[in-house]
Amino acid sequence: MPNFKTTEMNEKIFYTSDELLEIFKEQHRLCSPLDLFADETFVLSRETKIWEFRDAQDLVPWDEYADFLNQEFRIEVPRSKWKTILNPDDKQTLGDLCDFLTTVAEKDIVKPVKRLGGECLSAAIFLTLKRNLKSKGVNVSDLTPSTKIEDFLDVNENFSPLLEEVTLTGVKTFDKLEYGKLQTERRFKYWIDKIFPNWVYRRSIHTGDIQTFRDLVEKIMDNEKLGITTHLQ
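Residue positions are given per chain, counting from 1 as you read along its sequence in written order. Totals for whole chains, interfaces and linings use all residues, but because this is a predicted model, local features are given only for residues with pLDDT of at least 70 and pairs of side-chain atoms are given and counted only at 80 or more. With hydrogens and water excluded, all non-hydrogen atoms of the structure serve as input to the side-chain values.

## Let's talk about the confidence of the model for the chain
Okay, step 1: Mean pLDDT for the chain: 86, with 83% of residues reaching 70 or above.
Okay, step 2: This stretch, residues 1–8, has a pLDDT under 50; its non-local contacts, to residues over four places away or in other chains, come to 22 contacts.
Okay, step 3: Note on scores: pLDDT gives the predictor's confidence for each residue, bounded by 0 and 100. Contacts are assigned to residue pairs with any non-hydrogen atoms lying within 4.5 Å of each other. Scored below 50 in pLDDT, residues 184–201 shows 12 contacts in the model against residues more than four places distant or in partner chains.

## A few points about the side chain of Asn158
Okay, step 1: With respect to the helices and strands, Asn158 occurs in the loop between helix H7 (149–153) and helix H8 (159–168).
Okay, step 2: Any pair of nitrogen or oxygen atoms within 3.5 Å is treated as a polar contact; in protein, a donor-acceptor pairing is required on top of that, and neighbouring residues in sequence qualify only through side-chain atoms on both sides. A polar contact of 3.0 Å, which involves the side chain of Asn158, links it to the backbone oxygen of Phe152.
Okay, step 3: If near-sequence neighbours (up to four positions away) are discounted, Asn158 is found in contact with Val138, Phe152 and Leu153. Secondary structure elements are defined from DSSP: runs of H or I of at least 4 residues count as helices, runs of E of at least 2 residues count as strands, and each element is numbered from the N terminus.

## Side note on the pattern of salt bridges
Okay, step 1: Criterion for a salt bridge: a side-chain nitrogen of Lys or Arg within 4 Å of a carboxyl oxygen of Asp or Glu. Evaluated as defined, the whole model comprises 13 salt bridges.
Okay, step 2: One salt bridge connects Arg74 with Glu165, and the closest N-O pair in it is separated by 2.9 Å. Taken as a pair, Arg74 in the loop between helix H3 (62–73) and helix H4 (79–86) and Glu165 in helix H8 lie far apart in primary sequence, 91 residues in all.
Okay, step 3: In this scheme, a residue with accessible area under 20% of its type's maximum is buried, one over 50% is exposed, and one in between is partly exposed, where area comes from a 1.4 Å probe on protein chains only. Residue classification places Arg74 among the partly exposed positions, given a relative accessible area of 38%.
Okay, step 4: According to the relative accessible area criterion, Glu165 is buried, its value standing at 5%.
Okay, step 5: One salt-bridge network, held together by shared partners, links Arg74, Lys136, Glu164 and Glu165.

## Remarks on helix H6 (residues 121–135)
Okay, step 1: Its 15 residues give H6 an end-to-end C-alpha distance of 21 Å, which sits within 8% of 21 Å, the value for a rise of 1.5 Å per residue.
Okay, step 2: Counting buried residues in H6 gives 11 out of 15 residues, a clear majority hidden from the surface.
Okay, step 3: Taken as a whole, H6 has its buried residues at Ser122, Ala123, Ala124, Ile125, Phe126, Leu127, Thr128, Leu129, Lys130, Asn132 and Leu133.
Okay, step 4: Looking at the residues trailing H6, positive phi occurs at Gly137, about 85 degrees. What a helix should span is 1.5 Å times the count of its residues minus one.

## Notes on the environment of Asp89
Okay, step 1: By the secondary structure assignment, Asp89 is in the loop between H4 and helix H5 (94–101).
Okay, step 2: The sequence separation of Asp89 and Trp62 amounts to 27 residues, and the corresponding C-alpha distance is 8.8 Å.
Okay, step 3: Ignoring any residue separated from it by four or fewer positions in sequence, one finds Asp89 in contact with Lys49, Ile50, Trp51 and Arg54.
Okay, step 4: A distance of 3.4 Å separates the side chain of Asp89 from the side chain of Arg54, its partner in a polar contact.

## Thoughts on H3
Okay, step 1: Its 12 residues give H3 an end-to-end C-alpha distance of 16 Å, which sits within 8% of 16 Å, the value for a rise of 1.5 Å per residue.
Okay, step 2: Looking at H3, one finds that the buried residues are Tyr65, Ala66, Leu69, Asn70, Glu72 and Phe73. Along the long axis of H3, the arc covered by the buried residues comes to 165 degrees, so they all point the same way.
Okay, step 3: At its buried positions, H3 is contacted by helix H1 (17–31), helix H2 (50–56), H4, H5 and H8.
Okay, step 4: Arg74 sits one or two positions beyond H3 and adopts a positive phi of about 55 degrees. Throughout, the arc means that of the directions going from the helix axis to the C-beta atoms.

See below:
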């Protein structure tokens, strides 16, 4: 899959409420095990109160979260409107949030780009991902299909934008994300582990079988929709 530019634009369509709920659930599934203060056992549903949602995911106060939602979905909803959607947080629900987002949040319908006389969907998905990361302030000048995702995530600021864009596709990608082991010199390891918990230290994030952006694109192309479970007999 080559790294090249295109001026073609994708079509866009509004998310459905069910799609948005599954995206929030997937973000919780992938991210909460990495956050000491999040509750990875909490099961999100349409009836989940906003305060429960924020508590389970260790989220910032509502006004800061409103700013984050604008950034995540590339929308421009004023805080005055968000205040009515996210408050009172013991009455408003995750379902209410999803319903509102269906009126403002759009997803990309990726169209194949032309390459050497043919159409290439994998290149289009990679270019869309790259463009969307750039729109969120990520330096993508050296990003290629062969870039290792763990190396990409070594830059702290890259984690949230990548997870946002991957989950906003609405398809299953990573089986799980987990921290690598803390690397310390042998003679200091005992005392460091006794004095400080591992979460204090910056550690690499393992991404399982998805090693490169090429792997990630191929997984997106599998188009396994979030929320659909296949039962083997």
